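# Secondary and tertiary structure notes
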Amino acid sequence: MAVRPTTFLRLKLREAAFISRALLSTNHVVLAHIIPMRRCNLACGYCNEYDGSSKPVPLELMKKRLDKLAELGTSIVTISGGEPMMHPDLDLIIRHIRSHGMIAGLISNGYYFTPERIKRLNKSGLEYLQISIDNVEPDEVSRKSLRVLDKKLRYLSEFADFHVNINSVIGGGIKNPEDALTVARRAVELGFSTTVGVIHDSDGTLKPLSTKEKGIFQEVKKLGNKDHARLNWFQDSIAEGKPYNWRCRAGARYLYICEEGLVHWCSQQRGYPGIPLDQYTMEDFDREYKTEKWCAATCTLQCVHQVGILDNWRDPQKTPAQIAAEQITKPQTQTQTTQSYS
Ligand code: SF4
Ligand code: SF4
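Okay, so let's go over this structure. Treat the numbers as computed from the prediction; the structure is a model and nothing was measured. Residue numbering note: each chain is counted from 1, following its sequence as written. By the order in which they are written, chains take letters starting at A while ligands take numbers starting at 1. Per-residue local features are limited, in this predicted model, to residues with pLDDT of at least 70; the limit for side-chain atom pairs, both in listing and counting, is 80 or more; totals at the level of whole chains, interfaces and linings are taken over all residues. With hydrogens and water stripped out, all remaining heavy atoms of the structure feed into the side-chain values.

### Focus on the packing of helix α6 (residues 178–189) against helix α7 (residues 211–223)
A packed helix pair is summarised by two numbers, namely the angle formed by the two axes and the spacing between the axes. For clarity, the threshold we go by: The axes are straight lines fitted to the C-alpha atoms, using for helices just the contacting stretch, and the angles between their N-to-C directions are given from 0 to 180°. Counting from the N terminus, the helices are DSSP H or I runs at least four residues long and the strands are E runs at least two residues long. Note that the term roughly parallel is reserved for angles under 35 degrees, roughly antiparallel for angles over 145, roughly perpendicular for angles of 65 to 115, and oblique for everything else. The contact criterion used is simple: two residues touch if any of their non-hydrogen atoms lie within 4.5 Å. Only Asp, Glu, Lys and Arg are considered charged in this grouping, and only Ala, Val, Leu, Ile, Met, Phe, Trp, Tyr, Cys and Pro are considered nonpolar; every other residue, Gly among them, is considered polar.
Relative orientation of the contacting elements α6 and α7 amounts to 10 degrees, with a least axis distance of 9 Å. Taken together, the axis directions place α6 and α7 in an arrangement best described as roughly parallel. Residues E178, A180, L181, A184, R185 and V188 of α6 touch α7, and the partners they reach there are K212, I216, E219, V220 and L223. Its residues assigned to classes, the contact of α6 with α7 shows seven nonpolar, no polar and four charged.

So this is what it looks like as structure tokens:
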């Protein structure tokens with residue numbers, strides 16, 4: 001099994017507690033993605049989230065950022081990149097997340113997993129790992145390939161005490177859509193959970209999946225995590241090439257913290273709001289919670305959608321222009337305070 005049953009149960013119970021807390025109150029962060037390392041050992045053709053030379057963020061700075069996330073009431077911190085396994089202090093970063101009682105997750109391309117490294121991650125308290133596998137054979141677009149990573153997956157299946165999810169992708173001009181099914185079947189065989197992401201075309205436009213792609217997409221979904229499938233209705237609209245109506249709470253319930261320590265809506269909307277995390281206030285949180293995101297209808301970011309579901313039924317949003325107009329017309333005496341939407 002990829003994860004010991006007791007570890008999995010403990011994680012599920014902790015997740016359930018965090019979901020209840022998130023439903024009861026809207027004034028805390030649910031999920032933060034944090035980047036300790038922009039550098040990556042790979043250079044996937046579709047990726048705009050890596051460089052080949054930057055240095056790791058120093059441990060002390062990472063700890064301060066995590067302290068601030070804890071102060072904002074964050075439930076789950078997922079370490080992403082670049083390739084976070086290249087950070088020399090990754091284990092200590094994970095320990096620091098856990099020391100605050102937050103769930104610790106990791107997104108990696110899988111290249112650096114050895115039995116010894118996996119055992120160290122067990123000790124650090126890592127709770128879940130996600131690896132995206134794009135194809136079966138490496139090609140000019142991606143080397144995140146089952147053929148290259150299968151040995152690493154076997155190590156994980158044998159040694160990991162943390163939950164492992166394998167994500168496959170479909171759409172976006174991926175050459176062999178059937179690869180997603182091969183990847184998902186292998187993940188299930190090794191005892192991992194599996195998810196599938198529908199991605200945009202390389203020019204960013206939303207196009208419906210072909211009939212063949214749709215068939216494979218439904219088959220992969222059947223193999224996958226049922227909770228995840230329930231939380232990802234939006235993917236069915238995206239698969240049809242149709243816009244999806246939802247409320248993105250990025251900048252509030254979901255935060256993306258880049259290597260410079262700035263808060264962004266997400267990996268694809270860097271620059272908004274672009275405020276340093278150490279200066280981020282509940283006033284910023286409230287504004288972003290209420291702000292309608294212009295990119296929402298065609299967004300494919302699964303984790304932000306899942307966070308959005310928690311509040312989709314409450315607190316309608318306004319456009320950035322409406323919010324800016326409200327700020328201008330607000331009486332001088334009125335100070336904005338932390339608002340609870342629950
Ligand atoms: S492995 Fe991940 S971060 Fe690195 S280039 Fe590929 S998609 Fe980007
Ligand atoms: S809608 Fe999607 S792309 Fe736009 S800010 Fe939210 S998560 Fe990012």
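### A closer look at the sheet that holds strand β8 (residues 262–264)
Note the following rule: In this analysis, strands are considered paired if DSSP registers two or more bridges between them.
Read from one edge of the open sheet, nine strands run β6-β5-β4-β3-β2-β1-β7-β8-β9, paired in mixed fashion. Here the strands that pair on one side only, and so sit at the sheet edges, are β6 (193–199) and β9 (273–276). On average, adjacent strands in this sheet sit at an angle of 25 degrees to one another, irrespective of strand direction. Inspection of the sheet shows strand β7 (residues 254–257) paired to β8 by two bridges, in the antiparallel sense.

### Here's the deal with α6
Quick reminder of the rule: Take the residue count of a helix, subtract one, and multiply by 1.5 Å to get its expected span. Throughout, exposure labels follow a simple rule: accessible area from a 1.4 Å probe, protein chains only, divided by the maximum for the residue type, with under 20% read as buried, over 50% as exposed, and the rest as partly exposed.
The terminal C-alpha atoms of α6 lie 17 Å apart, and with 12 residues this matches the ideal 16 Å at 1.5 Å per residue to within 8%. Along α6, the positions that sit buried rather than exposed are D179, A180, L181, V183, A184, R186 and A187. Of the surrounding secondary structure, the elements contacted by the buried residues of α6 are β4 (128–133), α5 (146–159), β5 (163–171), β6 and α7.

### Comments concerning the pattern of salt bridges
Threshold: What makes a salt bridge here is a side-chain nitrogen of Lys or Arg within 4 Å of a carboxyl oxygen of Asp or Glu, nothing more.
Considering all chains together, one arrives at 21 salt bridges under this definition. Here R120 and E116 are joined by a salt bridge, their closest N and O atoms 3.4 Å apart. Within this pair, R120 and its partner E116 are both found in helix α4 (residues 115–124), separated by four residues, close to a single helical turn. According to the relative accessible area criterion, R120 is partly exposed, its value standing at 35%. In this structure, E140 and K175 form a salt bridge, with 3.1 Å as the shortest nitrogen-oxygen distance. With a gap of 35 residues between them, E140 in the loop between β4 and α5 and K175 in the loop between β5 and α6 connect regions that are remote in the sequence. Judged by its relative accessible area of 53%, K175 is exposed.

### Some thoughts on the packing of α5 against α6
Running from N to C, α5 and α6 point in directions that differ by 10 degrees, and their axes come no closer than 12 Å. What the angle tells us is that α5 and α6 run roughly parallel. Note on element contacts: α6 touches α5 through T182, V183 and R186, opposite L146, D150 and R154. Looking at the contact of α5 with α6 residue by residue, the classes come out as two nonpolar, one polar and three charged.

### Remarks on a nonpolar patch on the surface
Filter applied, for reference: Each patch groups residues whose relative accessible area exceeds 30% and which form no salt bridge, using 9 Å between like charges and 5 Å between nonpolar side chains of Val, Leu, Ile, Met, Phe, Trp and Tyr. For every accessible area listed, the method is Shrake-Rupley and the probe measures 1.4 Å; residues are considered covered only by the protein chains on display.
Judged by side-chain polarity, I19, L23 and W313 come together as a nonpolar surface patch covering roughly 330 Å² of accessible area. Residue placement: W313 occurs in the loop between α11 (302–309) and α12 (320–329).

### Some words on the packing of aromatic side chains
As a reminder of what qualifies: Centre distance within 6.5 Å is the pairing criterion for rings of Phe, Tyr and Trp, where only the six-membered ring of Trp is used; planes under 30 degrees apart are then read as stacked, over 60 as edge-to-face, and the remainder as tilted. The rule is short: NZ of Lys or CZ of Arg within 6 Å of the ring centre and within 35 degrees of the ring normal puts a charge over the ring.
Summed over the entire model, instances satisfying the criterion amount to four aromatic pairs. Ring plane angle 55 degrees and centroid distance 4.9 Å describe the contact between W265 and W294, whose orientation is recorded as tilted. In this pair, W265 sits in the loop between β8 and β9 while W294 sits in the loop between α10 (282–290) and α11, placing the two residues 29 residues apart along the sequence. With centroids separated by 6.5 Å and ring planes inclined at 10 degrees, the aromatic side chains of F285 and Y289 adopt a geometry described as stacked. Taken together, the residues F285 and Y289, both in helix α10 and four residues apart, mark about one turn of the helix. You can call F285 buried: its relative accessible area is 1%. With relative accessibility at 0%, the residue Y289 sits in the buried group. Members of the aromatic cluster, each reached through a chain of ring pairs, are W265, Y272 and W294. Here the guanidinium or amino end of R249 rests over the ring plane of Y289, the centre of that ring lying 4.1 Å away.

### Points about the side chain of T291
Within the fold, T291 resides in the loop between α10 and α11. By relative accessible area, which is 5% here, T291 ends up buried. Excluding its chain neighbours within four sequence positions, the residues that come into contact with T291 are C248, W265, Q317, K318, P320 and I323.

### Some points on unusual backbone geometry
That bond from G81 to G82 is cis: its omega, 15 degrees, falls within 30 degrees of zero. Along the chain, G82 turns up in the loop between β2 (76–79) and α3 (90–99). Cis rather than trans, the peptide bond between Y272 and P273 has omega equal to -10 degrees. Looking at where P273 falls in the secondary structure, it is placed in strand β9. Its identity is not glycine, yet D315 carries a phi of approximately 55 degrees, on the positive side.

### Brief notes about the pairing of β2
Covered by surrounding structure in β2 are I76 and T78 together with V77 and I79, the residues of both alternating faces. Pairing geometry for strand β1 (residues 31–34) and β2, over four bridges, is parallel. Paired with L31 across the strands is I76, a residue of β2. Taken together, the four bridges between β2 and strand β3 (residues 103–108) define a ladder with parallel strand orientation.

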